[in-house]
Amino acid sequence: YIMNGYQLQRVYNWPELNLGVTHVLVDLGYTDYFSDNHRLDVNLTYNEQRMWQPFDINANSVREYGNNRDYLLELTDYHRILDKLDVTLGALGEVRTGFFKNNQQLADGTPYDVWANPVNPNPFLVVPPYNDLWLSAYINGEYEVADSLSLIAGIHANKAPDISVHFSPRAGAVWMVTDRLTCKLLY
């Protein structure tokens, strides 16, 4: 591993292939306590993974094999409605972009010698370029029936690219049998 500023790089030394992988992760979070019974969490996250290879061992220029980036915004709102009832509301949006190509093959799958000609004019796309938006929202309630038993109910809505919104109901019970044994029944 090589630490380069805020980037963590892993270089794989395979015969005739020095492939580098750079990972970047940044997560910024903010919490606001409006009262003892109301809290809002906001998170902004950036993830990147880049795969690259130098033209030769001593070169400063590289050929890129792939790159994927994710931008994520998440809001979570916690409310204590009654002494024994908690409600959580949440929403999340994520933009996913990226691609992955094989520079050692042409688009038709025939081999290409990247060491003789460093720049492949028409590389094979293993994963074609994409730019997708994923959305999600949920509401969840938890009611404490007794000190040892809580009931949970909620619904989760998810929207993936090219798929209509999907709703997923949630229900469950959490029973603390002893201090060391808890049973969960979740749907």
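In every chain, residue numbers begin from 1 and rise along the written sequence. Totals for whole chains, interfaces and linings use all residues, but because this is a predicted model, local features are given only for residues with pLDDT of at least 70 and pairs of side-chain atoms are given and counted only at 80 or more. Water and hydrogen atoms play no part in the side-chain values, which are based on all heavy atoms of the structure.

**Quick word on the overall build of the protein chain**
And step 1. Helical segments are the DSSP runs of H or I of at least four residues, strand segments are the runs of E of at least two, and each set is numbered from the N terminus. The helix and strand inventory of the protein chain stands at zero helices and ten strands.
And step 2. In this scheme, a residue with accessible area under 20% of its type's maximum is buried, one over 50% is exposed, and one in between is partly exposed, where area comes from a 1.4 Å probe on protein chains only. Each of the 187 residues in the protein chain was classed as buried or not, and the buried ones make up 23%.
And step 3. Intrachain contacts of the protein chain at a sequence separation of at least 6 include 44% that bridge at least 24 residues.
And step 4. Note on areas: these come from Shrake-Rupley sampling with a 1.4 Å probe, and a residue is covered only by the protein chains present in the view. With an accessible surface of roughly 12600 Å², the protein chain has 59% of that area assigned to carbon and sulfur atoms. The contact criterion used is simple: two residues touch if any of their non-hydrogen atoms lie within 4.5 Å.

**Some words on a nonpolar patch on the surface**
And step 1. A cluster of nonpolar side chains, contributed by V26, L28, L44, L73 and L75, occupies part of the molecular surface with about 410 Å² of accessible area.
And step 2. At the level of elements, β3 (17-35) and β5 (62-82) are the ones that each hand at least two residues to the nonpolar patch.
And step 3. Note on placement: L73 falls in strand β5.
And step 4. For L73, a relative accessible area of 41% puts it in the partly exposed group. Within this analysis, patches are made of residues with over 30% relative accessible area and no salt bridge. Like charges are joined at 9 Å or less; nonpolar side chains (Val, Leu, Ile, Met, Phe, Trp, Tyr) at 5 Å or less. The salt bridge criterion pairs a side-chain nitrogen of Lys or Arg with a carboxyl oxygen of Asp or Glu, the two atoms within 4 Å.

**Here we look at the side chain of T45**
And step 1. Secondary-structure assignment places T45 in strand β4 (residues 38-54).
And step 2. Residue class for T45 comes out buried when judged on its relative accessible area of 13%.
And step 3. Looking at T45, its side chain comes within polar contact range of the side chain of D27, at 2.7 Å.
And step 4. In this view, T45 contacts L25, V26, D27, D70, Y71 and L72; residues no more than four positions away in its chain are not counted. Identification of polar contacts relies on pairs of N or O atoms within 3.5 Å, with a donor-acceptor requirement for protein atoms, meaning one able to donate a hydrogen and the other able to accept it, and with residues adjacent in sequence counted only if both atoms are side-chain atoms.

**Looking at the layout of surface pockets**
And step 1. In this analysis a 1.4 Å probe is tested at points of a 1 Å grid over the protein atoms alone, and where it fits but cannot get out there is a cavity; an open set with protein on both sides within 12 Å along at least five of seven lines is a pocket; lining residues have an atom within 4 Å of a point. Grid points are joined across faces, edges and corners, and a volume is the space filled by probe spheres set on the points. Taken as a whole, the largest pocket encloses approximately 160 Å³ of empty space.
And step 2. Around the largest pocket, the lining residues are L92, E94, R96, W134, L135, S136, N158, K159, A160, I163, S164 and H166.
And step 3. At the level of elements, β6 (85-106), β7 (123-146) and β8 (149-159) are the ones that each hand at least two residues to the lining of the largest pocket.
And step 4. Under this grouping Gly is polar, as are all residues other than the nonpolar Ala, Val, Leu, Ile, Met, Phe, Trp, Tyr, Cys and Pro and the charged Asp, Glu, Lys and Arg. Here the lining of the largest pocket is built from residues that sort into five nonpolar, four polar and three charged.

**Details of the pattern of salt bridges**
And step 1. According to the stated counting rule, one finds four salt bridges in the structure shown.
And step 2. Residue D41 pairs with R39 through a salt bridge whose shortest N-O separation is 3.2 Å.
And step 3. Residue classification places D41 among the buried residues on the basis of a relative accessible area of 14%.
And step 4. When the shortest N-O distance is used, the salt bridge between E94 and R96 registers 3.2 Å.
And step 5. Taking relative accessible area as the criterion, E94 reaches 15% and is therefore assigned buried.
And step 6. Judged by its relative accessible area of 27%, R96 falls in the partly exposed class.

**Quick notes on the pairing of strand β9 (residues 166-178)**
And step 1. The pairing of β8 with β9 spans ten bridges and is classified as antiparallel. Along β9, the bridge assignment pairs L149 with W175.
And step 2. Two strands pair under a simple rule: DSSP has to find at least two bridges between them. The turn linking β8 back onto β9 is made up of six residues, and D162 within it adopts a positive phi angle of 65°.
And step 3. Two strands pair when backbone bridges link them, and β9 and strand β10 (residues 181-186) are joined in this way by six bridges, in the antiparallel orientation. What sits directly across from A173, in β10, is L185.
And step 4. Once β9 ends, the chain turns through two residues before running back antiparallel as β10.

**Comments concerning the side chain of T97**
And step 1. On the secondary structure map, T97 appears in strand β6.
And step 2. Once residues within four sequence positions are removed from consideration, T97 is found in contact with N67, N68, R69, D70, Y130 and N131.

Worth remembering: the numbers are spatial, not functional.
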